[in-house]
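Remarks on the overall topology
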Amino acid sequence: MKLRPGWDIHTQTQLIGLGPALLLTLLLTAFFIFARLQDLREELNHTGQLIASQLAPASEYGVASGNRQVIDNLLKATLNTPHVRFLEVRDREDAILAYVERPAEQATSQVEIFHAPIYRQRVAPLPYNLERLNSPDDYLGRVVVGMSSDAFSTRQQEILLKAAVLGLVALVLTFLIARRLARRLSQPISTMGKAVEAIQGGDYEVRLPAHEDGELGDLARHINDLASALGKASREQQQAMAQLIKAREEAEQASRIKSEFLAMMSHELRTPMNGVLGMLQLLETTELTQEQTEYTALATESTEHLLKVINDILDFSRIERGALELEQIPFNLLELLQSSVQSFQHSAQQRGLELSLEAQTGLERIEVHGDPTRIRQILVNLLGNALKFTEEGGIRLVARWQTLDHEVLWFNCAVHDSGIGIPAERLEGMFDAFQQADSSISRRYGGTGLGLAIARTLAERMGGTLHAQSQEGKGSVFTLEIPLPFREKSSEARPHQAPEYAPADGHEVLLVEDNPVNQTVIEAMLRSLGYRVTLVTDGAQAVHCATQKHFAAILMDCRLPVMDGYEATRRIREQRGPDQLPIIALTANALQGDREVCLQAGMNDYLAKPFKRADLQRILQRWLPTARNDGITTPFDG
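No experiment lies behind these values; they were computed from the predicted model shown.

1. As for the overall build of the protein
Secondary structure assignment for the protein yields 16 helices and 16 strands. Here the protein holds 638 residues, and the buried ones make up 41% of them. A separation of at least 24 residues holds for 69% of the contacts in the protein among residues at least 6 apart in sequence. As presented, the protein carries roughly 36,200 Å² of accessible surface, and 54% of it is formed by carbon and sulfur atoms.

2. So, the packing of helix α13 (residues 539-548) against helix α14 (residues 565-576)
As a packed pair, α13 and α14 sit with axes 9 Å apart at the nearest point and diverge in direction by 20 degrees. The angle between α13 and α14 places the two elements in the roughly parallel class. Of the two possible hands of crossing, α13 and α14 adopt the one that is right-handed. On α14, the residues touching G539, A542, V543, A546 and T547 of α13 are A568, R571, I572, Q575 and R576. Grouping the amino acids of the contact of α13 with α14 by side-chain chemistry returns five nonpolar, three polar and two charged.

3. Examining the sheet that holds strand β2 (residues 96-101)
Taking strand neighbours across the sheet as the criterion, the four strands line up as β2-β1-β4-β3 in an open arrangement whose pairing is antiparallel. Of all strands in the sheet, those with a lone pairing partner are β2 and β3 (111-119), marking the two edges. Across the sheet, the axes of successive neighbouring strands diverge by a mean angle of 15 degrees, strand direction being ignored. In terms of strand pairing, strand β1 (residues 84-91) meets strand β4 (residues 139-148) through seven bridges, oriented antiparallel. Bridge pairing in β4 places E88 opposite V144. Of the strands in this sheet, β1 and β2 touch helix α3 (residues 68-79), which is tilted by about 155 degrees from β1.

4. Some words on the sheet that holds strand β15 (residues 583-587)
The pairing of strands in a sheet comes from backbone hydrogen bonds and takes either a parallel or an antiparallel form. Taking strand neighbours across the sheet as the criterion, the five strands line up as β13-β12-β14-β15-β16 in an open arrangement whose pairing is parallel. A single partner strand is all that each edge strand has here, and the edge strands are β13 (532-536) and β16 (605-608). Going across the sheet, the axis of each strand differs from the next one's by a mean of 20 degrees, ignoring polarity.

5. Structural notes on the packing of helix α8 (residues 372-388) against helix α11 (residues 451-461)
Where α8 contacts α11, the two axes come as close as 10 Å, and the packing angle between them is 145 degrees. Here α8 and α11 pass one another in a crossing that is left-handed. Across the interface between the two elements, R374, Q377, I378, N381, L382 and N385 from α8 touch G451, L452, I454, A455, L458 and A459 from α11. Of the residues assigned to the contact of α8 with α11, the class counts are seven nonpolar, four polar and one charged.

6. A few points about the packing of aromatic side chains
For the coordinates displayed, the defined rule picks out two aromatic pairs. Note on F86 and Y99: the rings are 5.8 Å apart at their centroids and 35 degrees apart in plane angle, and the pair reads as tilted. With F86 in strand β1 and Y99 in strand β2, this residue pair connects regions lying 13 residues apart in the sequence. Judged by relative accessible area, F86 falls into the buried class, the value being 13%. Residue classification places Y99 among the partly exposed residues on the basis of a relative accessible area of 39%.

7. Some words on the state of the cysteines
When the sulfur atoms of two cysteines share a covalent bond, that bond is a disulfide. Taken as a whole and judged by the stated rule, the model has zero disulfides. Unpaired in this structure, C558 has its nearest cysteine sulfur neighbour in C598, at a distance of 3.7 Å.

8. Structural notes on a positive patch on the surface
A contiguous patch of positive charge, built from R179, R180, R183 and R184, is present on the exposed surface. Locating R183 in the fold gives a position in helix α4 (residues 150-200). A relative accessible area of 41% means that R183 is categorised as partly exposed.

9. A look at the pattern of salt bridges
Tallied over the full model, the rule gives 16 salt bridges. Residue E508 is joined to R532 by a salt bridge in which the shortest nitrogen-to-oxygen separation is 3.2 Å. One end of the pair, E508, is in strand β12 (residues 508-512); the other, R532, is in strand β13, and 24 residues separate them in sequence. Here E508 falls in the buried class, since its relative accessible area comes to 11%. When its relative accessible area of 45% is taken as the criterion, R532 is described as partly exposed. In this structure, R570 engages E567 in a salt bridge whose closest nitrogen and oxygen atoms are separated by 3.4 Å. With R570 and E567 both in helix α14 and three residues apart, this pair spans about one turn of that helix. When its relative accessible area of 27% is taken as the criterion, E567 is described as partly exposed. Among the charged side chains, a salt-bridge network with shared partners connects E88, R90, D94 and R142.

10. Some points on the pairing of strand β11 (residues 475-488)
Across a regular strand the side chains alternate sides, sitting on one face of the sheet and then on the other. Counting buried positions over the 14 residues of β11 gives ten, a clear majority of the element. As defined by bridge partners, strand β7 (residues 366-370) adjoins β11 across three bridges and the pair is classed as antiparallel. By the bridge assignment, V368 is partnered in β11 with F486. Where strand β9 (residues 408-417) and β11 come together, ten bridges link them in antiparallel fashion. Each bridged residue has a counterpart across the sheet, and for F411 the counterpart in β11 is I482. Note that strand β10 (residues 465-471) and β11 share seven bridges and pair antiparallel. Note on β11: the bridge partner recorded for L466 is L480. Between β10 and β11, which pair antiparallel in sequence order, lie three residues; one of them, G473, sits at a positive phi of approximately 90 degrees.

11. Comments concerning the confidence of the model for the protein
Taken as a whole, the protein shows an average pLDDT of 79; of its residues, 82% reach a score of 70 or greater. Scored below 50 in pLDDT, residues 439-446 makes twelve contacts in the model with residues more than four places away or belonging to other chains. Segment residues 626-638 is flagged for pLDDT under 50; beyond a separation of four residues in sequence, or across chains, it makes 26 contacts in the model.

12. Focus: the environment of R396
With respect to the helices, strands and loops of the structure, R396 is situated in strand β8 (residues 394-403). Exposure remark for R396: the relative accessible area of 34% places this residue in the partly exposed category. When sequence neighbours within four positions are dropped, the list of residues in contact with R396 reads S356, E358, A414, V415 and H416. There is a polar contact of 3.4 Å between the side chain of R396 and the side chain of E358.

13. A few points about unusual backbone geometry
Unlike most non-glycine residues, D94 shows phi in positive territory, near 70 degrees. Take D94: it is sitting in the loop between β1 and β2. Using a relative accessible area of 35% as the deciding quantity, one classes D94 as partly exposed. Located in the positive-phi region is V562, a residue other than glycine, with phi close to 65 degrees. Residue placement: V562 occurs in the loop between β14 (553-556) and α14.

Reading the values: rules and limits
Residues numbered from 1 in each chain as written. Predicted model: local features only at pLDDT ≥ 70, side-chain atom pairs only at ≥ 80, totals over all residues. Heavy atoms only, no water. Helix = DSSP H or I, 4+ residues; strand = E, 2+ residues; numbered from the N terminus. Buried < 20%, exposed > 50% of the residue type's maximum accessible area, 1.4 Å probe, protein only. Contact = heavy atoms within 4.5 Å. Areas by Shrake-Rupley, 256 points an atom, 1.4 Å probe, with all protein chains shown as cover. Axes fitted to C-alpha atoms, helices over the stretch in contact; angles between N-to-C directions. Parallel < 35°, antiparallel > 145°, perpendicular 65-115°, else oblique. Left-handed = near helix turned anticlockwise from the far one by under 90°. Nonpolar A, V, L, I, M, F, W, Y, C, P; charged D, E, K, R; others polar. Pairing = 2+ DSSP bridges. Phe/Tyr/Trp six-rings, centres within 6.5 Å; stacked < 30°, edge-to-face > 60°. Disulfide = S-S within 2.5 Å. Patch = residues over 30% accessible without salt bridge, like charges linked within 9 Å, V, L, I, M, F, W, Y side chains within 5 Å. Salt bridge = Lys/Arg side-chain N within 4 Å of Asp/Glu carboxyl O. Lys, Arg positive; Asp, Glu negative; His and termini not counted. Charge placed at Lys NZ, Arg CZ, Asp CG, Glu CD. pLDDT = per-residue confidence, 0-100. Polar contact = N/O pair within 3.5 Å; in protein donor to acceptor, adjacent residues only side chain to side chain.

Here it is as structure tokens:
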């Protein structure tokens, strides 16, 4: 039997119990009624035939003698038998000798007819011939008995009523038994379903009674075991989650401590570095003997090397945190290549090495978009390594380019050296952090092993590659390949470049710096560039001076006593209005995000310590001519 899928198990169990019972009851009832009616029919036929058979010999005398009175009396006596409708006696010629019947008002049903022959009775001595009895010569007539079917109909109704009552009782009993069985099955299953829903909802403390020994009891015990196992797993998962959350919080705290430590170390290292490098640059501007000049150059070179190590560590930290971001600003590739080579010319000449630049023609007419600082960092790293590991011969920087379409060019820059070379099996490992071709290299040549790893990461972030070819004892070739958006510059569109050491016209600059060494260095740099300087040591004094006196620009340190540089900048902007006075951050905070924090506070530009005198002049010339011409500065879009 196919059950509807929407019925619950209680209804299905009842239907499974009632369906076969109903069918069996109907079959048995039909068989019972059929058998009883057949028996009743046979009983009626037997009764009618018996009356006719008994009446026939009793009527023999009246028929044989022709005494109708005897026949009438006999028929009337027999008519009182229940269910007899009529009686008649016929002679040999089938003529009616006597006929009696019940009154018409009592005869409403059908009549069954029964016949019995009337023979002459003979008395013969024994032995007698049986064939002589009931011979055709002895036939006198026949008796006709009409039996009413009222008894059959009445008994039939009684049988049907009894069968219906019996079937109904059976169905009721079957329904009650099926209902009890369905409830006994469905109630535990429904309870199990609710328990499973509770377990699914996270309540693992639910338990089912498991008193039965059958399948339902086993299923209840299995569900209880499942709830216990899930509860245990949930508690273990919560403990693991708590441990993971604790570990994450500890890692985040360690990361914050690391970032704070790097920020503090960056500031604490860059602040004295700025003093050392600045003093050396100021010393170079004085009259020195040749020996003093050499000492100053060596000290400057050592300071710049130390600064490079610090920058590599900070860049590697940024890369590990995924916080390294690239700029997209226009610049000239040829000028970048020339300045990168020029910065190593003095060192190459001192070591007797030839350093040359071979650039493809047309590069001077192209302006590209990208991050010139990071590209210069890659080139400086490659040139520095080539210079460090080359003892004789020369170094060539070969620059090639080709256009991919009308918007993008493919820039190829290769640094060739004739140095010690790198074994082939160690070549690819050179780009891993803290790796060098040989442990003796670190002792002989120095270095942290971070430069090439940072350079390759920067190249890949720009969508390019950095790879190497080398022969041990013959030299190496490191090739940088990156795509760069470009446009050709027309001769009319080329902007007029201001001379690098244009006079400052005596502009007065407010210097906000709390470190005494940096005060001396930066003030001396500004005066050597032709600026007049007003010096204050904290943010509150800077706000007061900026509101009392007009300055061409403010050079603001960020970490200051009383009031830091960010709050001082916001106060100045509130009082003087935005973008009316160039405020340039001069800070040792050089981590990722420090630049953005300065710009969000209202500063116009950012210069990280330590910086060179040329860097300071360049950034001042970027803002002071604009402020001098129209009185309005443009926000830095770096």
